[in-house]
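Architecture and fold: a report
What follows is the residue order along each chain.
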Amino acid sequence: MKQKSSIPFSCRCGEVTGTLHRVDPAEGTHVVCHCNSCRSAMEKAGLGEEAQDGVDLFQTTPDHIEIATGMARLAPRRFSPKGLLRWHATCCNTPMFNTLPGPAIPFAGVLVRNLEGTAALGPVIAHGFVDKGNGKQGHENGATVIWRVIKRAALARLTGKARSNPFFERDGQPTAQPQLFD
């Protein structure tokens, strides 16, 4: 059996650190998102140039994420009252993770820019919200991404791993109160 990797991560100033555990391209999905909100979130963090060609993410379940230091400095923002939670390090405004608004579907997008190595993630297998040149957007390999999210979430719920979630309390509330982006 192939050994799964663990990859350290940190915010820009090093206050928030941790490890992405059990990294395996077969169990996660390496994607690039080109949606306006992903790019806008990066821009609000002063990283707009990095997001011009999309935002590099590794999609997994929250039980793979261990926050070692700075948990109190992780806070969620979102663009609408019920929107995706975009977790950032308040110490240096580093975007770090994306989660759904609640823990019912265990999902986490890890911003690859914060990882100390990316070889274990495997290649990018999909691009989301790609401009089609006719004013519309589409997805490249989107069905694979959706299938993998559903499969991982179901497995995490069935095995009980979904209960291990650094972003949500046992009652389902986020560990920090979400704020709307300005």
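Residues numbered from 1 in each chain as written. Predicted model: local features only at pLDDT ≥ 70, side-chain atom pairs only at ≥ 80, totals over all residues. Heavy atoms only, no water.

Taking strand neighbours across the sheet as the criterion, the three strands line up as S1-S2-S5 in an open arrangement whose pairing is antiparallel. With one partner strand each, in any of the chains shown, strand S1 (5-10) and strand S5 (65-69) form the two edges of the open sheet. Neighbour-to-neighbour, the strand axes of the sheet open up by a mean angle of 25°, direction not taken into account. In this structure, strand S2 (residues 17-23) lies alongside S5, joined through four bridges in antiparallel fashion. Across the sheet, residue threonine 19 finds its bridge partner in S5, namely glutamate 66. (Pairing = 2+ DSSP bridges. Helix = DSSP H or I, 4+ residues; strand = E, 2+ residues; numbered from the N terminus. Axes fitted to C-alpha atoms, helices over the stretch in contact; angles between N-to-C directions.)

Moving on to the side chain of histidine 88. If you trace the backbone, histidine 88 turns up in strand S7 (residues 85-89). Its relative accessible area of 8% is what places histidine 88 among the buried residues. Looking at histidine 88, its side chain comes within polar contact range of the main-chain oxygen of alanine 75, at 2.9 Å. Separated by 3.2 Å, the side chains of histidine 88 and arginine 77 make a polar contact. Leave out the neighbours within four places in its chain, and histidine 88 touches Arg73, Leu74, Ala75, Arg77, Asn93, Thr94, Pro95 and Met96. (Buried < 20%, exposed > 50% of the residue type's maximum accessible area, 1.4 Å probe, protein only. Polar contact = N/O pair within 3.5 Å; in protein donor to acceptor, adjacent residues only side chain to side chain. Contact = heavy atoms within 4.5 Å.)

Before going further, it helps to examine helix H2 (residues 142-159). Counted at 1.5 Å a residue, the expected span for H2 with its 18 residues is 26 Å, and the 26 Å between its end C-alpha atoms agrees. Of the residues making up H2, those classed as buried are Gly142, Val145, Val149, Arg152, Ala153 and Ala156. Down the axis of H2, the buried set is contained in an arc of 100°. They therefore lie on one face. Along H2, the residues that are exposed and aim more than 90 degrees away from the buried face are Ala143, Trp147, Leu155 and Leu158. (Expected span 1.5 Å × (residues − 1). Arc of directions from axis to C-beta.)

Below, the discussion takes up the sheet that holds strand S12 (residues 179-180). Pairing in this open sheet of nine strands is mixed, and the strands run S11-S10-S3-S4-S9-S8-S7-S6-S12 from one edge to the other. This sheet does not close on itself; its edge strands, each paired only once, are strand S11 (137-140) and S12. In the sheet, strand S3 (residues 29-33) pairs with strand S4 (residues 55-60) via five bridges, with the strands oriented antiparallel. Of the residues in S4, the one forming a bridge with valine 31 is leucine 57.

Let us now look at the nonpolar core. Residues Ile65 and Phe97 are the most contacted members of the largest nonpolar core, which totals 24 residues. Residue assignment for this core shows that the elements contributing at least two residues are S1, S2, S5, S7, strand S8 (94-99) and strand S9 (108-111). The dominant element in this core, judged by the number of residues it contributes, is S7, at three residues. For phenylalanine 97, the residues in contact, after removing those within four places along its chain, are Phe9, Ile65, Ile67, Leu74, Leu85, Arg86, Trp87, Gly109, Val110, Leu111 and Phe167. Among the nonpolar cores identified, the runner-up in size contains 15 residues, and Met42, Leu47, Ala126 and Val149 belong to it. (Core = buried A, V, L, I, M, F, W, Y, C linked by side-chain atoms within 4.5 Å.)

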